[in-house]
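# Summary of structural features
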Amino acid sequence: MQEWFAEIAADFTQSFIDSDRWKALLSGLGVTLLITVLALLIGVVLGVLVAVVRSSYDQKKKKGGLLGVLNTLCYIYITVIRGTPMMVQLLIMYFVIMVSSTNTMLVATLSFGINSGAYLAEIIRGGIMAVDKGQSEAGRSLGLSYVQTMRFIVIPQAVKTILPALGNELIALLKETSIVNVIGMKDITKWAINVQGRTYQAFMPFIGIAAIYLVIVIVLTKLVSLMERRLANDVTRKRDSH
Amino acid sequence: MSQENGTLIKVEDLQVTFTEPGRTVHAITGLSTEIKQGEVVVVIGPSGCGKSTFLRTLNMLETPTAGRIFFEGQDLTSEECDVNVHRQKIGMVFQHFNLFPNMNVKKNMTLAPVQLKKKTQAEADERAMELLRRVGLDDRAGAFPQQLSGGQKQRVAIVRALMMEPDVMLFDEPTSALDPEMVGEVLDVMKELAKGGMTMVVVTHEMGFAREVADRVIFMSEGNIMEEGTPQEIFEHPKCDRLKDFLSKVL
Ligand SMILES: Nc1ncnc2c1ncn2[C@@H]1O[C@H](COP(=O)(O)OP(=O)(O)O)[C@@H](O)[C@H]1O
Ligand SMILES: [Mg+2]
């Protein structure tokens, strides 16, 4: 029993402590988180733009024109991105589209952001469509413009319904970043592969990063449900105030 | 503001056609009429005859297929016309209230006048309280729509529209979604408005309201005006068989 513990401790030391491997792990964690956060930001911006184009086109009586062209472009974007594997998109971005760039962080955040935008666009569009049509009609009948109606009336109501889906997208994004070593980035997965190659220990590094991913996902899940409850509480608290 | 003959809204040969895959609906078929300053017009007719479409076209929530709509002399259907500006002067009240659930009563009322720079926040707040007092809801200013009864919601929806100081108010079956005991409180507010000289176009099944308040009753059938006149003429001496048939069902 004691021997077993000693062995575990030795494995642990070798994987995480020797040669300052924990420092490399921390920097890998930074890479993983940075790609995730930046890609989500790009994804949300792209997603809102595409969702607004798609839902305003759907509501328009007279089809065609500039909006029609934009709508078709958005449709192609969503179809292509959702219809091809993330890793293939990343390889194409690195080896074909941005072949002259050596900034792998830029390549990765753009790739993941563009990918995430396609999924978020449909989530956000769903949220916008789920808001009762009478809401925007009431806004427009008061003389508010399309943009004002979206901003003050429709989008705030849509956010509440899409928050859980947004959280899921963030979690999916985090886990998908584990493929970035194919373009030579040193995230935590690449760190584990390196440690295994040097020490011939597989258990510690791989179980170790699995635990790290898991902890981050659990924390994110908690944060999202906390925010959901805050939004729900908002209404209840206001309800009690009178 | 008022035209020489006091005409506020003029509708010329209005047609509205809805095209859906495999289906074409002629909702309004060449309707013409005029609504005068201060006039209270009640629109009646069987379900599906185009009452809502007619009303919604008056502020361009539906786009006419053909024909023209003049509001205060401006052609709303022309390309150059900024509809948003005219909508500020055309209040609308919906069957299902359409209050904004993410804002309290006061914010529901002040959002548009403040955003559209008609009033400062302070002016809007003051006016909102004044209007809420008038409809007996000043103690509900901080409440959220989901905390209100149907009758209260509709009264808030009416004063929300009044916040823009409109020249005409459109009502689309304002009491149809209400429990019977709440119909009276909403109709009372509408009667007050009419008494105060507001121009109103009201789609309703409340024949008592029509008799009491309407200057003119329009009976619609199949997308057009079939018969119109004073409440007396329409209810006591209906001419066409469709109207007689309709009245026998609703009275
Ligand atoms: N947005 C729409 N799309 C397709 N058909 C519609 C639409 N709105 C109304 N209609 C059709 O137009 C006709 C008139 O409807 P409406 O004006 O709502 O009648 P009413 O208010 O008198 O009951 C109906 O046949 C209805 O089905
Ligand atoms: Mg109707």
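As the structure is a prediction and not an experimental result, all values here were calculated from the model.

## Focus on the layout of surface pockets
Its volume calculated, the second largest pocket comes out at about 230 Å³. Around the second largest pocket, the lining residues are Asp 132, Lys 133, Gly 134 and Glu 137 of chain A together with Ser 52, Arg 56, Phe 94, Gln 95, His 96, Asn 98, Asp 172 and Glu 173 of chain B. With three residues, the single largest contributor to the lining of the second largest pocket is helix 6 (residues 133-141) of chain A. Across the lining of the second largest pocket, the residue classes tally to one nonpolar, five polar and six charged.

## Considering the nonpolar core
All names here are of chain B. Core analysis: the biggest nonpolar cluster contains 51 residues, and Ile 44, Ile 158, Met 169, Phe 171, Met 190 and Met 200 have the highest contact counts within it. In this structure, Ile 44 is in contact with Lys 51, Thr 204, Met 207, Val 217, Ile 218, Phe 219, Met 220, Ile 234, Leu 243 and Phe 246, ignoring residues within four places of it in sequence. One finds Cys 49, Met 60, Phe 100 and Met 164 within the second-largest nonpolar core, a separate group that totals 42 residues.

## Looking at the interface of chain A and chain B
Taken together, the 24 residues of chain A in the interface contact 31 residues of chain B. Taken together, the two surfaces of chain A and chain B that pack against each other cover about 2300 Å², and 56% of this comes from carbon and sulfur. Linking chain A with chain B are one salt bridge, by the criterion used here. Taking the shortest distance from any N to any O, the salt bridge between Glu 137 of chain A and Arg 56 of chain B comes out at 2.7 Å. The interface formed by chain A and chain B holds five residue pairs in polar contact (both at pLDDT 80 or more) in total. For the side of chain A that touches chain B, the secondary-structure elements that each account for two or more residues are helix 6, helix 7 (146-176) and helix 9 (203-240) of chain A. Tallying contributions element by element places helix 6 of chain A first for the side of chain A that touches chain B, with eight residues. Of the residues that constitute the side of chain A that touches chain B, the class distribution is seven nonpolar, nine polar and eight charged.

## Details of the pairing of strand 7 (residues 168-172) of chain B
All names here are of chain B. Of all five residues that make up strand 7, five are buried, and the element is covered over most of its length. Side chains Val 168, Leu 170 and Asp 172 of strand 7 all project onto a buried face; the interleaved residues Met 169 and Phe 171 project onto the opposite face, where all are buried too. For strand 6 (residues 90-93) and strand 7, the ladder comprises four bridges, and the chain directions are parallel. Looking at strand 7, one finds that Gly 91 is bridged to Met 169. Relative to strand 8 (residues 199-203), strand 7 is paired through five bridges, and the arrangement is parallel. Bridged to Phe 171 within strand 8 is Val 202.

## Considerations on the site of ligand 1
Residue and element names in this part refer to chain B. In the vicinity of ligand 1 there are 13 residues, among which Gly 48, Gly 50, Lys 51, Ser 52 and Thr 53 approach most closely. One of the backbone N or O atoms of Gly 48 is found 2.7 Å from an oxygen atom in ligand 1. Side-chain polar atom of Ser 52 to an oxygen atom of ligand 1: 2.7 Å apart, as the coordinates give it. Protein contacts shield 69% of the accessible area of ligand 1, which totals 560 Å² for the unbound molecule. Listing elements by their share of the shell around ligand 1, those giving two or more residues are strand 1 (7-20), strand 2 (23-36) and helix 1 (51-58). Per-class residue counts for the shell around ligand 1 are five nonpolar, five polar and three charged.

What counts as what
- Residues numbered from 1 in each chain as written.
- Chains lettered and ligands numbered in written order.
- Predicted model: local features only at pLDDT ≥ 70, side-chain atom pairs only at ≥ 80, totals over all residues.
- Heavy atoms only, no water.
- 1 Å grid on protein atoms, 1.4 Å probe; cavity = no way out; pocket = protein on both sides within 12 Å on 5 of 7 lines; lining within 4 Å.
- Points joined across faces, edges and corners; volume = space filled by probe spheres on them.
- Helix = DSSP H or I, 4+ residues; strand = E, 2+ residues; numbered from the N terminus.
- Nonpolar A, V, L, I, M, F, W, Y, C, P; charged D, E, K, R; others polar.
- Core = buried A, V, L, I, M, F, W, Y, C linked by side-chain atoms within 4.5 Å.
- Buried < 20%, exposed > 50% of the residue type's maximum accessible area, 1.4 Å probe, protein only.
- Contact = heavy atoms within 4.5 Å.
- Buried area = accessible area lost by both parts, 1.4 Å probe.
- Salt bridge = Lys/Arg side-chain N within 4 Å of Asp/Glu carboxyl O.
- Polar contact = N/O pair within 3.5 Å; in protein donor to acceptor, adjacent residues only side chain to side chain.
- Pairing = 2+ DSSP bridges.
- Near = heavy atom within 4 Å.
- Areas by Shrake-Rupley, 256 points an atom, 1.4 Å probe, with all protein chains shown as cover.

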